[in-house]
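# Examination of the molecular architecture
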Amino acid sequence: MKKSGERLKAAREFLGLTQEQVASALHMTRNMIVNIENNNRTIKSDELYRFSKLYGISMEEIVSEEKEVNMNIPAFARGFESLSDKDQQEILNLIKFKINYKG
């Protein structure tokens, strides 16, 4: 089971962000990010919220020791949002087809 810091590090790396970029976006120092990722510092509730928004994962996924983070979902959601309405509908139709085809 991964701890919160390890989950945050994995999410940051999956998104291709540096510790410096995250620190800047969250108005923190790089040293704070390092200590959080190494589980040497407790994450404050407001920081947890900001990490959640930046990484596109729930706060529960960050802190829960039982739930593994699936980074494909937030990555898919971000990509999906950037598509046109027509393209989004095509993707939704494909998903419906795949679900029905499996049965």
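First, a word on what this report is: a plain description of the structure on this page. (Residues numbered from 1 in each chain as written. Predicted model: local features only at pLDDT ≥ 70, side-chain atom pairs only at ≥ 80, totals over all residues. Heavy atoms only, no water.)

Attention now goes to the packing of aromatic side chains. In total, this model carries one aromatic pair according to the counting rule given. Ring geometry for F51 versus Y55: centroids 5.7 Å apart, planes at 55°, classification tilted. Of this pair, F51 and Y55 are both found in helix α4 (residues 45-55), four residues apart, which corresponds to roughly one turn of the helix. Both residues of the pair, F51 and Y55, belong to the buried class. (Phe/Tyr/Trp six-rings, centres within 6.5 Å; stacked < 30°, edge-to-face > 60°. Helix = DSSP H or I, 4+ residues; strand = E, 2+ residues; numbered from the N terminus. Buried < 20%, exposed > 50% of the residue type's maximum accessible area, 1.4 Å probe, protein only.)

This part covers the side chain of S52. Tracing the sequence through the fold places S52 in helix α4. There is a polar contact of 2.4 Å between the side chain of S52 and the backbone oxygen of I57. For S52, the contacting residues outside a window of four places in its chain are I57, S58, M59 and I62. (Polar contact = N/O pair within 3.5 Å; in protein donor to acceptor, adjacent residues only side chain to side chain. Contact = heavy atoms within 4.5 Å.)

Moving on: helix α2 (residues 19-26). Taken residue by residue, α2 has Q19, V22, A23 and L26 as its buried positions. Down the axis, α2 shows its buried residues gathered within 100° of arc, on one side only. Next to the buried residues of α2 lie α1 (4-14), α3 (30-37) and α4. Immediately beyond the C-terminal end of α2, within one or two residues, lies H27, with a positive phi of roughly 55°. (Arc of directions from axis to C-beta.)

Next up on the list: the nonpolar core. Core analysis: the largest hydrophobic core is formed by 13 residues, its most contacted members being L8, V22, M28, I33, F51, Y55 and I62. When contributions to this core are tallied by element, the ones reaching two or more residues are α1, α2, α3 and α4. Once you skip the residues sitting within four places of it in the chain, M28 turns out to touch A23, I33, I36, R41, E47, R50 and F51. (Core = buried A, V, L, I, M, F, W, Y, C linked by side-chain atoms within 4.5 Å.)

For the rest of this paragraph, the subject is α1. For α1, every residue scored as buried is listed here: S4, G5, R7, L8, A11 and R12. Seen end-on, α1 carries its buried residues on one side only, within an arc spanning 160°. Immediately downstream of α1, the backbone of G16 shows phi near 75°, a positive value.

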